[in-house]
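Observations on the three-dimensional arrangement
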Amino acid sequence: MPTPPDTVYARIARHAVERPGAHALESPGKPPLTFGKLVEIIDATIGALSAAGIGRGDVVAVVLPHASELATACLAVSACAQAAPLNPEYRRAELEFHFASLKPRLVILPAGRAPAARDVARATGVAVADLHADAASTGAFRLSFPTTGGSATGRGRVHADDVALWLHTSGTTARPKKVPLTQSNLVASAEAMIASVALTSSDRCLHVLPMFHIGGIVDVLMAPLMAGGTVVCTSGFSVPEFFLGLEVARPTWTQAVPTMLRELVDAAPEHRDAIARRPLRFIRSVSAALPVDLLKEVQGAFGAPVVEIYGMTETAGVIASNPFPSGMRKPGSVGVAAGPEVAVVDERGVPVPTGQRGEVVVRGRSVMRGYADDEATNAASWFGDWFRTGDEGTLDADGFLYLTGRIKEIINRGGEKISPREVDEVLLSHPAVAEAATFAIPHPSLGEEVATVVVLKPGSNVSKTALTEHVGSRLAYFKVPRVVHFLQAIPKTAGGKLQRNRLAETLGLRDATAEAPRAAYVAPRTPFAAELARLWEATLGVERVGLDDDFFALGGDSLKAASFVNQIQHQWHETVYVTAVFDAPTLARLESYLSAHHPELVAKMTGAAVPSSGPARRAVDPDALRRFRRAIAKTLGEAPLPPKRNPQAVFVLSSPRSGSTLMRAMLGGNRALFAPPELYLLPFDTLADRKAWFSGSQRFQLEGNTRALMQMRGIPPEEAEAAMARLEAARTPVHEYYGTIQRELGGRLLVDKTPYYAHRLDTLERAEALFEDALYIHLVRHPYGVIRSFEEAKLATLWYPRLVGTAEAERTPNPWPGHLFPEMLWTVLNQNIAAFLAGVPSGRQLRLRFEDLVADPGRASRALCEFVGVPFDPAMLEPHADRRARMTDGVRPESRMIGDMKFHEHRTIDASVADLWKREYHDDFLSGAAWDVAASLGYEETASRDGRIGFEL
Ligand code: A3P
């Protein structure tokens, strides 16, 4: 089938036929990618995606760092499906929001990285494709992915009116709005862009903008490629990389936001030779108003015209642009209509006379058809077929548009648009906050900065730092208020209306940088801190940075933070996320953060030897174990015990990664038993408490119980969820709910396997209080087996919040990296189980080792049957058969079973799994406390000998 000409792919592919050897993408230091090769990469990716069941109707989220592979991945995905590039700096809650809103079939992540996105994908049942970049070439990559299950939503070539790209814009509501852009929207916008600056195949664009924004993907990627020109990829914006790119790659133009232009102008005197040797044809300024003075400074420094434009996500980019190369340009104006038609109207949508103020409206091929899933906003966003931009402006007699103000309250921080209500909501979720109003405050380089006024609840006390940390743990760094004021009341109009756009003025706040005083000087104490201080001094243009100085108080902003981490990347080849600067904004905190997470960087920066392998394993000391125990939150309240105990049930008690899912699936094969996935019931008084505990990404854990209800009652997931919602709303006591399950099971015996139960002794003791003669299977596994498995599965991200509570986990990140967390978890859980079982009659407990279970499953199954008093069922030896009956499938076709994520990698019971750890661990790092527990569970044969682990392979 011939490709329709009005898709982005078709426009780019034309050049692969006409000039296959021409350079499409370059990245300094690597061989270029020709148009011929670019189309080969896109075609191969289309093939791989469609083989995995991804088609035209499917959304594919792309969460990758800024690099040439991100460019090729976005081009390939949007050529056969719907690409949703997301900011790799997003926090968990933001990723959860975007995944829930976009419902992607697949997410593309950098192989071995992006743990938060991986967790969210796992928890939301989104398949992950790993992108393996080819380090030696520009833009080349390989995808490895599981099959996504199900069939593609719409196959074949994409059509002009298919959605190609999903982006989000900040709205007046708290949540970002979803903007679907079709192939023809993108082509129309790129064509307008090409025409407005007369792009040709000899143009070379230096690409420094994020690709999850419209400008970064259409203006500086799709448009130049459609024109047959070259795009020079970087790892994002930083001053040194910009000038290096200018020198090495000889670009003819670039596009930046005013904040970046400010930095470039400031640094320009040091790069005068490079600028003279490599003249630019033009510089395009986007995303925020460009002050006239800055425009003149940029033109002076670079000797090149600056083209200021006005564009929006909803219009796939350019709306108005200053005429170029020739023709009249008017500084202060965003230019003339350059794509869609532009008009200025009154509040009824009627055009106002020339020179009068009104709302800017647009219509044309590049304008989106409407926000997705948001009829209320759509209803307010259109005057007929004219889209309301929410910006206020005037048109002069020559058709030049001047933007005069904003009808919306969006904060524009260096081009990043922020909805103040989103920030308010997060502030209001803090227990001490009664009222909050977030607004823009002028900032010398960013244009605007996020400020907030907060009214505390009577009797409450909270520091500014605690509040900004609260926001920082929930929202991307650029949304965190840098200026916080506590007030008794928030100023409102006489009519009680909040006027955010006037708050800064009302409160007399004129400059964001003047609001944060500088800390007293404390000299750096280590060579590493001194080196970091020097880097900050260079990045921020300040003198004598001390340990207590705060990056943002010194005038830093998100771009400067990015510039700082990019410099680290550039000079020392170490990837540090920009969030590090926001999580650890003082020099002292950054030093300890980087020392803990990037030991190689410390070595490289201070000239010490680079550690050859991963960080050395520290031993768990008794103090750490005590702190770990203390951190485990109490989940039970003071509810009185029920008058009557429930009938007998079986509990499988173990640490995670002990083969408990395997054992459950085996028990589930026995018709006399009902063994659902993790129920998570015992540690709570009521179902409402249980629901509250599993908030955020933890809530997916509750699906084990949903699956159980579906099975018991033969109902679909929606019905099971609705039934649970009713019981939760009624604050049903947990023992009553257990009773309901047991009644509905008829004669079958309930097996509750939930490793979390061993978190506390009081939870375990509840089993004795709630059930008549409960039976306990203590499943144990060698600590090294558990630790290796746990580390491989990166389970601390799920287990830490579960143990300490999601709110606490957001306040204090897991302080136990690597093996420390699983080792202590294994030790504490098994200690709790042993202490609990010491008080239970021996006839009601059975200890089984995972190693014995997999070595001789027949014998183990018979022993289990004898213990629980049911006949042996041969189906127990085929735990991987019949997923539905055993509840080893997910709640929905696209979701996963709760429990062992590796379970379905096995086909049979595999004895070799027990010894996997012996290939990896040779030095004995286990603490004395853990060895004591191990020995008491029968693992003394591998105990340490001279620091080496004693075993025969
Ligand atoms: P590894 O990660 O060491 O491979 P749990 O369900 O308690 O979290 O335990 C998970 C462990 O059980 C994983 O260990 C997993 O591979 C192992 N397992 C699951 N099914 C298995 C099978 N059929 N044979 C052997 N081991 C199995």
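Details of the structure are given in the entry above.
This report concerns the structure included in the present document. All figures in this text were calculated on a predicted structure; none of them were measured in a lab.

The rules behind the values
Residues numbered from 1 in each chain as written. Predicted model: local features only at pLDDT ≥ 70, side-chain atom pairs only at ≥ 80, totals over all residues. Heavy atoms only, no water. Pairing = 2+ DSSP bridges. Helix = DSSP H or I, 4+ residues; strand = E, 2+ residues; numbered from the N terminus. Near = heavy atom within 4 Å. Polar contact = N/O pair within 3.5 Å; in protein donor to acceptor, adjacent residues only side chain to side chain. Areas by Shrake-Rupley, 256 points an atom, 1.4 Å probe, with all protein chains shown as cover. Nonpolar A, V, L, I, M, F, W, Y, C, P; charged D, E, K, R; others polar. Axes fitted to C-alpha atoms, helices over the stretch in contact; angles between N-to-C directions. Parallel < 35°, antiparallel > 145°, perpendicular 65-115°, else oblique. Left-handed = near helix turned anticlockwise from the far one by under 90°. Contact = heavy atoms within 4.5 Å. Core = buried A, V, L, I, M, F, W, Y, C linked by side-chain atoms within 4.5 Å. Buried < 20%, exposed > 50% of the residue type's maximum accessible area, 1.4 Å probe, protein only.

As a general point, the strands of a sheet are linked pairwise by backbone hydrogen bonds and lie either parallel or antiparallel. The mixed open sheet is built from nine strands, whose spatial order is 2-1-11-10-12-13-14-15-16. Of all strands in the sheet, those bounded by a partner on one side alone are strand 2 (33-34) and strand 16 (336-337). Strand direction decides the pairing type here: strand 1 (residues 23-26) and strand 11 (residues 230-233), joined by two bridges, are parallel. Each residue of the ladder has a partner; that of Glu26, found in strand 11, is Val232.

To continue, consider the site of the ligand. Near the ligand there are 21 residues, and of these Ser660, Thr661, Arg781, Ser789 and His880 occur at the shortest range. Within the side chain of Thr661, one N or O atom sits 2.5 Å away from an oxygen atom of the ligand. Between an oxygen atom of the ligand and a side-chain N or O atom of His906, the distance comes to 2.8 Å. Coverage of the ligand by the protein chains reaches 98% of its 570 Å² of free accessible surface. Every element with two or more residues in the shell around the ligand is listed here: helix 22 (660-668), helix 28 (783-792) and helix 32 (850-855). Here the shell around the ligand gets three residues from one element, more than from any other, and that element is helix 22. In terms of residue class, the shell around the ligand is made up of seven nonpolar, eight polar and six charged.

Quick look at the sheet that holds strand 29 (residues 749-753) now. If you trace the five strands from one edge of the open sheet to the other, you get 28-29-27-30-31, paired in parallel fashion. On the outer flanks of this sheet lie strand 28 (673-674) and strand 31 (845-849), each paired with one strand and no other. As defined by bridge partners, strand 27 (residues 650-653) adjoins strand 30 (residues 775-780) across four bridges and the pair is classed as parallel. In the strand pairing of strand 30, Val652 is matched with Ile777.

So, about the packing of helix 29 (residues 796-804) against helix 31 (residues 820-837). Orientation of helix 29 relative to helix 31, taken along the N-to-C sense of each, is 50°, at an axis distance of 11 Å. When the axis of helix 29 is compared with that of helix 31, the two are oblique. Read as a crossing pair, helix 29 and helix 31 show a hand that is left-handed. Residue-level inspection shows Ala796, Trp799, Tyr800 and Leu803 of helix 29 in contact with helix 31, the latter providing Phe821, Leu825 and Leu829. In terms of residue class, the contact of helix 29 with helix 31 is made up of seven nonpolar, no polar and no charged.

Leu181, Leu186, Leu221, Leu225, Phe243 and Phe302 are the most contacted members of the largest nonpolar core, which totals 119 residues. Apart from residues lying up to four places away in sequence, Leu221 is in contact with Leu25, Ala71, Leu75, His207, Met211, Gly216 and Val231. Membership of the second largest hydrophobic core comes to 68 residues, among which are Ala476, Val480, Leu594 and Leu601.

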